[in-house]
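Residue strings, one per chain:
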Amino acid sequence: MRIEHIRQFLSERGAKPGHQERILRAWAQGLALDPGPSRRGPALPQAVLEALPELTRIVDGLATVHSEHPGEDGSARMLVALQDGQTVESVLLPRDGLCVSSQVGCAVGCVFCMTGRDGLLRQVGSAEIVAQVAQARRRRPVKKVVFMGMGEPSHNLENVWEAIQFLGTTGGIGHKNLVFSTVGDPRVFERLPQGPVKPALALSLHTTRADLRAELLPKAPRLSPEWLVAEAEAYARATGYPVQYQWTLLDGINDTPEELDGIVRLLAGKYAIMNMIPYNDIPDLPYRRPAWEKAADIARQLHRRGILTKLRNSAGQDVDGGCGQLRARVLGAENDPTARPVRIMKYAQPGTDLSE
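Within each chain, residues carry numbers counting from 1 in the order of the written sequence. Local features in a predicted model are, by the rule used here, given only for residues with pLDDT of at least 70; side-chain atom pairs are given and counted only at 80 or more, and totals for whole chains, interfaces and linings are based on all residues. To obtain the side-chain values, all non-hydrogen atoms of the structure were included, while hydrogens and water were left out.

A. Inspection of the overall build of the protein chain at higher detail. Regarding its fold elements, the protein chain presents eleven helices and twelve strands. Expressed as a percentage of its 356 residues, the buried residues of the protein chain come to 53%. Any two residues whose heavy atoms approach within 4.5 Å at even a single point are treated as in contact. Restricting the contact set of the protein chain to residue pairs at least 6 apart, pairs at least 24 apart contribute 67%. Accessible surface, the protein chain as shown: approximately 15900 Å² in total, 52% of it carbon and sulfur. For helices the rule is a DSSP run of H or I covering at least 4 residues; for strands it is a run of E covering at least 2, with both sets numbered from the N terminus onward. For every residue, the accessible area (1.4 Å probe, protein chains only) is compared with the maximum for its type, and the residue is labelled buried under 20%, exposed over 50%, or partly exposed between those bounds. Exposure was quantified through the Shrake-Rupley algorithm and a 1.4 Å probe, taking into account, for residues, occlusion by the shown protein chains and nothing else.

Next comes the structure, spelled out in structure tokens:
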């Protein structure tokens, strides 16, 4: 479902644009759709009031929390069930952030990632993306939304772009606090500047070598790191937001002195932040995270050479929650009674008797 379908539902029942905005704003904030008689705003038509219970059932069914896994760092990974039974991952981040998914699965096929191992199963609709935000806001404030969960946003560009425009207006998220993360696609650099809401850009680089990038991201567009950085730099200068370059540190693969030289060559003088993220180990894959001391030394070296670098830890590593891992673990547990258990969180509907 897309946001436009909800607007159409309301319009068919006599809701004017002001009515629609009022209801959609409440939904995006994780609040009840019926604002109640004490709230200011245009009176809702009777047909709209009578339809709100049905609309509530519709939007509440778009994304429901199947399980929740708190991390020691203040994050919480959520496995979110969509209406057709497919699942995606959302992550409540420290400091009022949220990471959302834009696809079930992924077609890029990054060799070190769990999400893409089964390929792309389906797109996530713009309303389903916003529903992830609404669910998160029922638990804690959300002031930043990053599109860094399951999927490649550029492969679902229409739905992601629509969700960004909505969240940056009706959803009340600051434009620079909406972060579009991508491996790089020419369509991204064409489309993102066109809307009134221009999100910040995160570019998954992972290497400065075109040949190694083709190995690590086998189905990503064959775009050279130099071309990607040039396009990203132009967007950063136009929006006033620095590009956040994402670099998953793989021990012995992209943490070499040659790669550090390449980073300096590409990013010196650029409006950029380098986010170094040590790899989140997946047991049956051959890649490993470097020692934290080595990762910290890499960040220090880049700093000394003029590259603003932040060494980050992937949220929720203590619950094995790297993108796709939680979903895979839960699916495995459903099919294997000896698999590691997960904590299933049951949330009662309003009015439910909890005394039993």
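B. Broad picture of the nonpolar core. Nonpolar core, defined: a set of buried Ala, Val, Leu, Ile, Met, Phe, Trp, Tyr and Cys residues in which side-chain atoms within 4.5 Å join the residues together. Counting residues in hydrophobic clusters, the biggest one holds 79 residues, and the most contacted among them are W27 and Y245. Setting aside chain neighbours within four positions, we find W27 in contact with I6, L33, V59, L62, A127, V130, A131, A134 and F166.

C. Layout of the sheet that holds strand β12 (residues 309-311). One open sheet holds the ten strands; their spatial order is β1-β2-β3-β4-β7-β8-β9-β10-β11-β12, and the pairing between them is mixed. Looking at which strands have only one partner, the edges of the open sheet turn out to be β1 (63-70) and β12. Neighbour-to-neighbour, the strand axes of the sheet open up by a mean angle of 20°, direction not taken into account. Here helix α3 (residues 46-62) sits on the sheet and contacts β1 and β2 (76-82); the angle it forms with β1, its principal contact strand, is near 40°. Packing against the sheet, helix α5 (residues 157-167) makes contact with β7 (144-147) and β8 (178-182), and its axis sits at approximately 165° to β8. Strands were regarded as paired on the criterion that DSSP finds at least two bridges between them. In this analysis, axes come from line fits to C-alpha atoms, helices being fitted only over the stretch in contact, and the angle between any two N-to-C directions falls in the range 0 to 180 degrees.

D. Structural detail: a positive patch on the surface. Like charges are joined within 9 Å and nonpolar side chains (Val, Leu, Ile, Met, Phe, Trp, Tyr) within 5 Å, but only among residues with over 30% relative accessible area and no salt bridge; these make up the patches. For this analysis, a salt bridge means a side-chain nitrogen from Lys or Arg found within 4 Å of a carboxyl oxygen belonging to Asp or Glu. A positive count includes Lys and Arg, and a negative count includes Asp and Glu. His and the chain ends are not counted in either. Lysine's charge is taken at NZ, arginine's at CZ, aspartate's at CG and glutamate's at CD. Among the surface-exposed residues, R95, K144, K310 and R312 lie close enough to one another that they form a single positively charged patch. With respect to the helices and strands, the residue K310 is situated in strand β12.

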